[in-house]
There are 4 protein chains.
Amino acid sequence: METYEVKPEFYNYMFSPNLEPAVKVNPGDKVVLYTDDAFESRITSESQSPKSATKNAKFLNPQSGPVYINGAEPGDTLVVNFESIEFTRDWAVSCIMEYFGGLQSTGTTKTLQKPLEERVYIWKTHDGGKTFTSDRIGVTVPARPFCGTCATAPDTEAIQALTPGPFGGNMDVPDVCPGHKILLPVHNPGALFYIGDCHAGQGQGELCGVALEITAKVTVSFDIIKGRALNWPRIESEDKIMSVGSAKPMEDAARIAYADLIQWMADDYGFDALDAYELLSQIGGLYVGNMVDTTYSLVASIEKKYLKRT
Amino acid sequence: METYEVKPEFYNYMFSPNLEPAVKVNPGDKVVLYTDDAFESRITSESQSPKSATKNAKFLNPQSGPVYINGAEPGDTLVVNFESIEFTRDWAVSCIMEYFGGLQSTGTTKTLQKPLEERVYIWKTHDGGKTFTSDRIGVTVPARPFCGTCATAPDTEAIQALTPGPFGGNMDVPDVCPGHKILLPVHNPGALFYIGDCHAGQGQGELCGVALEITAKVTVSFDIIKGRALNWPRIESEDKIMSVGSAKPMEDAARIAYADLIQWMADDYGFDALDAYELLSQIGGLYVGNMVDTTYSLVASIEKKYLKRT
Amino acid sequence: METYEVKPEFYNYMFSPNLEPAVKVNPGDKVVLYTDDAFESRITSESQSPKSATKNAKFLNPQSGPVYINGAEPGDTLVVNFESIEFTRDWAVSCIMEYFGGLQSTGTTKTLQKPLEERVYIWKTHDGGKTFTSDRIGVTVPARPFCGTCATAPDTEAIQALTPGPFGGNMDVPDVCPGHKILLPVHNPGALFYIGDCHAGQGQGELCGVALEITAKVTVSFDIIKGRALNWPRIESEDKIMSVGSAKPMEDAARIAYADLIQWMADDYGFDALDAYELLSQIGGLYVGNMVDTTYSLVASIEKKYLKRT
Amino acid sequence: METYEVKPEFYNYMFSPNLEPAVKVNPGDKVVLYTDDAFESRITSESQSPKSATKNAKFLNPQSGPVYINGAEPGDTLVVNFESIEFTRDWAVSCIMEYFGGLQSTGTTKTLQKPLEERVYIWKTHDGGKTFTSDRIGVTVPARPFCGTCATAPDTEAIQALTPGPFGGNMDVPDVCPGHKILLPVHNPGALFYIGDCHAGQGQGELCGVALEITAKVTVSFDIIKGRALNWPRIESEDKIMSVGSAKPMEDAARIAYADLIQWMADDYGFDALDAYELLSQIGGLYVGNMVDTTYSLVASIEKKYLKRT
């Protein structure tokens, strides 16, 4: 088992099968990736205008990687063991941007109205990253670190890093966090794993579109499940299995997530599909990860204790 | 303080301003309402066909009430103190129906495909209502009782009881449960409160469209907030405030719920609206109550501890 | 054959089974109904604020009727022969209202943005109703009169007049016009027919939410198709058959409309359902009636000449 | 002025900035492109199963091009003068596929139901391409040829050819036809123009997901509008201007299309934006191009005669 450190000199803005691997590793190796924040650290003060600060950025949401995992081949499943996140600065940034976010018209849900006023929020930690405080609001929230993006390269397509999809991507789902396993489909030799967009914390829905964006050092390792093809990302924690659907309208994301979870229960736990459907109706979980990205991401879950039948 | 018992001889199938009150009570009085299950107890065995069993039912989802609360007037808020639910039988019923549910085409999300096969699930309790077991699936789940419907009469309209809306209604939101306060807008003298559709438990989304349907004895009492008009239902627990939005597509339900919560934080907790928007982006909760009814119901929430600013 | 004139002293704001008939007629009788505009003629000048002008209106969209058609019974189809519209004034009014319309956030598609600026447009006719001119814009458009609303009373429910649905209602579909037959389901004895919301013209989608609103004298007569139950409104012109679906999201309205048209082609023209599906894929029409009401209305159509198979 | 002929030896399945130009041309040159059908001519008989016939196809919807137009640079608009379509065979093919189409659940609008039965329809022309006849249905429809796809390469992303978007793509909009000008944004040097998916005809909505698919010889020429950046595709005919929006849910496609048309009316015809909004409310057109692709495409339009103000 080796440990590799990836400290990018430049970042990628696409989930692409065509980018040069930053590192090649074996299953079981530890990989430490440094990640920049979604604004490439361009916004550092509450007096800035997000629009001005990012006007020279052709794309946002820089990604670290890709990591080439030896032995991964199309049709396999990549298991990402998410080991840890360490923040590499003592503040996070969020902001209200023009024509972006869950309670604002956008380029897609288009209106003729003026945008909301821009506003930057700097959230500082005074306890080494356990909590973050906005002096502007006068509130302190606990850190609950996770990565907004986590992807394998799509099949042939090159998709910009603001997009969630079957390959993972910008799901903004808080369960993509240390201690959990993230399962992603492999479409290319080496899987080509991307990660970025670390959040010190985020509410369900990521309402204004911007979480507690922070730079970080992320540690992961990988396993490969040979010959097992996935349709959508899955997450496994100690006590739950979860499927992530990303689509618009939001009900389609819900349908995808629950249908994939039923498939999982059928394939791996021996449930009849309709029985799984019934059981999830009574005990399933369904929360909104993001309601702001190019598609919305919802997470359907069931506790493992209900997967054992008598 | 009086205690009134409402044991309906017949049920209502509309949230209507025109129905005769079952009882008139004062704020603070206890009201015990017996509720039938959503199928009017027509489905009692796993060998039944839900379609056949309900073919003579012009409407489903019988409602108890309305309760006339003395002193409630249009423009007030009705506070429902939800005290308890006692099951009045030792089994709950769920089923897969034709052209209904989250993973089936419906009369609205219409396709040309054949429906799913019908299937009834009887869930029995062997411990006085603490858990429910499906022998068919071989799984036991804990009871988490709540009422699927809870409403005040709409303004002039008479709406069938399968519908959620600004007046509450068939929200299928598990937080409409004992120990919580449900806040509803008052549009008619006496408010005209309806309740029904008791669930022994339900997963988030109510995936197949049918929860653990059960008959029950529901105890509530009421308060009135004079001169306070609500746009959408709100829920308060010991540690959270919650707003419920019901709409299609699902993202509109999310928008309504979070926007109403921001309004609540601004009105009662002194937040600037954009600061509330930012705070909810970092610490808000957003889950799906139902993804199966005539509109979808989502619940946005924030813990009360984050409402105190320094 | 008689001719009846209905000149309302007051209007209704609900599609309700409980309102007293304005007149009882036989199939074949002519009924002349006077209709007020959607604002009850409260907005008459470009210097008015729609919000101020309507602030005392509890409801908008006044309806004339209901007309009781002798012999119509639940399970029948009401055929409305739409004979003529005569305008009863020489101007129409449209306006941009706050938080309403297709390119503005609303109470449902909720944002935190400020509303659009209010603006009233008076469109005058100088040629007896053939064309209408907005001096403010400097444009003249041809009159294409139709009724925005046209309904039978729903089954038990009382629905406010701004709502489209299976019963017809506020569809805002330009094909509800003189020369066409409108087919509506009958849910109550006498059918209880409502009409109103006359438009001197309207674009597809009714983009800002307000068409060329005008007062009018509408002439209709009725036929009854006994024992034929409809699920959704249908329209027949000399050369087309059309089905109207009303739902959100908009794709559900499209699904409903096309699925109902396939049913019609199967029932009345002998098509195999999948063949009808295929044929509509190649030659069907699908336009947006309204994208602004409580649900959206889409019209699917096929020309009659393609209904004859060799 | 030159004439170039592009007879592909292989086709592309991506709208990509990275593919080698098939030909480099100057504005004004004629380009004749041969296009294969969406199934790569794999389905030729009504006895085939579309699933079996396409199971070795990694992607569908082959594209001809890209054409590099000398002088086109990022920030310009490419004007495609669509000159003609000549069919290169005497039959078109359509089919009902599993889990695809407007009245079937899909991988996104997911249900647990079985798919529709597969069915192939061969439509033959007996008059040199003026009409097409399905013997299976017994109906003849007129040819109305257009190209389902027409795109410039996106900015950095490589998007599979089944997708519509701001770059054009798989819009399936019948107004992308001979005699019309198609305006597309330029994101890469040379624009990199793709075309394919010729349809002998298609209904609005492309209901079952498959039009009258046919091989063809397409003739176009190009102009460049320097320094004019577009957000969404536009179409100009002799008497109309049209904007195409592609999004989900369908109402977002409608919003995009009408908002872009307002922008066009403001920029090129001197309209105040709210006046344009009002005028489109009275005289705009809005039809559904496709209700089956990865996003839905709607076309908003206004006749040019209403663009001249007095």
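Quantities reported herein were computed from a predicted structural model and do not represent experimental measurements. (Residues numbered from 1 in each chain as written. Chains lettered and ligands numbered in written order. Predicted model: local features only at pLDDT ≥ 70, side-chain atom pairs only at ≥ 80, totals over all residues.)

## With respect to the relation of the copies chain C and chain D
Then comes step 1: Least-squares fitting of chain C to chain D yields an RMSD of 0.0 Å, with the transformation described by 0.0 Å of translation along the axis and a rotation of 180°. Taken together, the rotation and translation describe the operation of a two-fold axis. For chain C, the minimum C-alpha distance to the rotation axis belongs to Tyr287(C) and amounts to 2.1 Å. (Least-squares fit on C-alpha atoms with pLDDT ≥ 70 in both.)

## With respect to the domain arrangement of chain A
Residues and elements named next belong to chain A.
Then comes step 1: As assigned here, chain A comprises domain 1 (3–225) and domain 2 (234–307).
Then comes step 2: Spacing between the C-alpha centres of domain 1 and domain 2 amounts to 22 Å.
Then comes step 3: Taken together, the contacts link 22 residues of domain 1 with 18 residues of domain 2.
Then comes step 4: At the level of secondary structure, the elements contributing two or more residues to the side of domain 1 that touches domain 2 comprise β13 (164–165) and β15 (181–185).
Then comes step 5: The element that contributes the greatest number of residues to the side of domain 1 that touches domain 2 is β15, accounting for 3 residues.
Then comes step 6: Here the side of domain 1 that touches domain 2 is built from residues that sort into 8 nonpolar, 10 polar and 4 charged. (Domains from an automatic or database assignment. Contact = placed C-beta atoms within 7 Å. Helix = DSSP H or I, 4+ residues; strand = E, 2+ residues; numbered from the N terminus. Nonpolar A, V, L, I, M, F, W, Y, C, P; charged D, E, K, R; others polar.)

## Remarks on the sheet that holds strand β7 (residues 91–96) of chain D
Residue and element names in this part refer to chain D.
Then comes step 1: Taken together, 4 strands build an open sheet; the order of strands is β7-β8-β9-β10 and the sheet is antiparallel. Here the strands that pair on one side only, and so sit at the sheet edges, are β7 and β10 (139–142). Averaged over all adjacent pairs, the angle separating strand axes in this sheet is 30°, with direction ignored.
Then comes step 2: Where strand β9 (residues 131–134) meets β10, 4 bridges bridge the pair, whose relative direction is antiparallel. (Pairing = 2+ DSSP bridges. Axes fitted to C-alpha atoms, helices over the stretch in contact; angles between N-to-C directions.)

## A short note on the pairing of strand β9 (residues 131–134) of chain A
When a strand is regular, its side chains alternate between the sheet's two faces.
Residues and elements named next belong to chain A.
Then comes step 1: By the alternation rule, side chains of β9 split into Phe132 and Ser134, which are all buried, and Thr131 and Thr133, of which none is buried.
Then comes step 2: Here 2 bridges tie strand β8 (residues 119–124) to β9, and the two strands are oriented antiparallel to one another. Within the sheet, the bridge partner assigned to Trp123 lies in β9 and is Ser134.
Then comes step 3: Connecting β8 to the next strand, β9, in antiparallel fashion are 6 residues, including Gly128 with a positive phi near 70°. (Buried ≥ 20, exposed ≤ 12 C-beta atoms within 10 Å, placed from the backbone.)

## Concerning helix α3 (residues 273–283) of chain C
Then comes step 1: Taken across its 11 residues, α3(C) has 10 buried, putting it largely inside the fold.
Then comes step 2: Buried within α3(C) are the following residues: Leu274(C), Asp275(C), Ala276(C), Tyr277(C), Glu278(C), Leu279(C), Leu280(C), Ser281(C), Gln282(C) and Ile283(C).
Then comes step 3: Against the buried residues of α3(C) lie α2 (250–269) and β21 (296–303) of chain C together with β7, β8 (119–124) and β10 of chain D.

## Examining the relation of the copies chain C and chain A
Taken together, a rotation about one axis and a shift along it account for how the two chain copies relate.
Then comes step 1: Mapping chain C onto chain A leaves a residual RMSD of 0.0 Å; the transformation is a rotation of 180° accompanied by 0.0 Å of translation along its axis.
Then comes step 2: When the interface residues of chain C are mapped onto chain A, 100% of them again lie at the interface, so the same face is used by both copies.

## Observations concerning the confidence of the model for chain A
Then comes step 1: Mean pLDDT over chain A works out to 97, with 100% of the residues at or above the 70 mark.
Then comes step 2: Across the interface, the model reports ipTM at 0.98; the global pTM reads 0.98. (pLDDT = per-residue confidence, 0-100.)

## Focus: the packing of α2(C) against α3(C)
Between two packed helices, what matters for the description is the angle formed by their axes and the separation of those axes.
All names here are of chain C.
Then comes step 1: Their axes nearest at 9 Å, the elements α2 and α3 cross at an angle of 125°. Between α2 and α3, the interaxial angle falls into the category oblique. Pair α2 / α3 crosses with right-handed handedness. Two secondary-structure elements touch here, α2 through Tyr258, Leu261, Ile262, Met265 and Ala266 and α3 through Ala273, Ala276, Tyr277 and Leu280.
Then comes step 2: Among the residues forming the contact of α2 with α3, the class breakdown is 9 nonpolar, no polar and no charged. (Parallel < 35°, antiparallel > 145°, perpendicular 65-115°, else oblique. Left-handed = near helix turned anticlockwise from the far one by under 90°.)

## Regarding the interface of chain C and chain A
Then comes step 1: Opposite the 10 residues of chain C that make contact, chain A presents 10 residues.
Then comes step 2: For the side of chain C that touches chain A, the class distribution of residues is 4 nonpolar, 4 polar and 2 charged.

## So, the interface of chain C and chain D
Then comes step 1: Of the residues lining the interface, 47 residues belong to chain C; the matching set on chain D comes to 47 residues.
Then comes step 2: Elements that contribute at least two residues to the side of chain C that touches chain D include exactly β7 (91–96), β8 (119–124), β10 (139–142), α2, α3 and β20 (285–290) of chain C.
Then comes step 3: With 9 residues, α3(C) is the largest single contributor of residues to the side of chain C that touches chain D.
Then comes step 4: Tallied by class, residues from the side of chain C that touches chain D come to 27 nonpolar, 13 polar and 7 charged.

## Quick look at the sheet that holds strand β16 (residues 193–199) of chain C
Residue and element names in this part refer to chain C.
Then comes step 1: The mixed open sheet is built from 6 strands, whose spatial order is β3-β5-β16-β11-β14-β13. Each of the sheet's edge strands pairs with one partner strand only, and the pair in question is β3 (23–25) and β13 (164–165).
Then comes step 2: Relative to strand β5 (residues 63–69), β3 is paired through 3 bridges, and the arrangement is parallel. By the bridge assignment for β5, Val25 is matched with Ile69.

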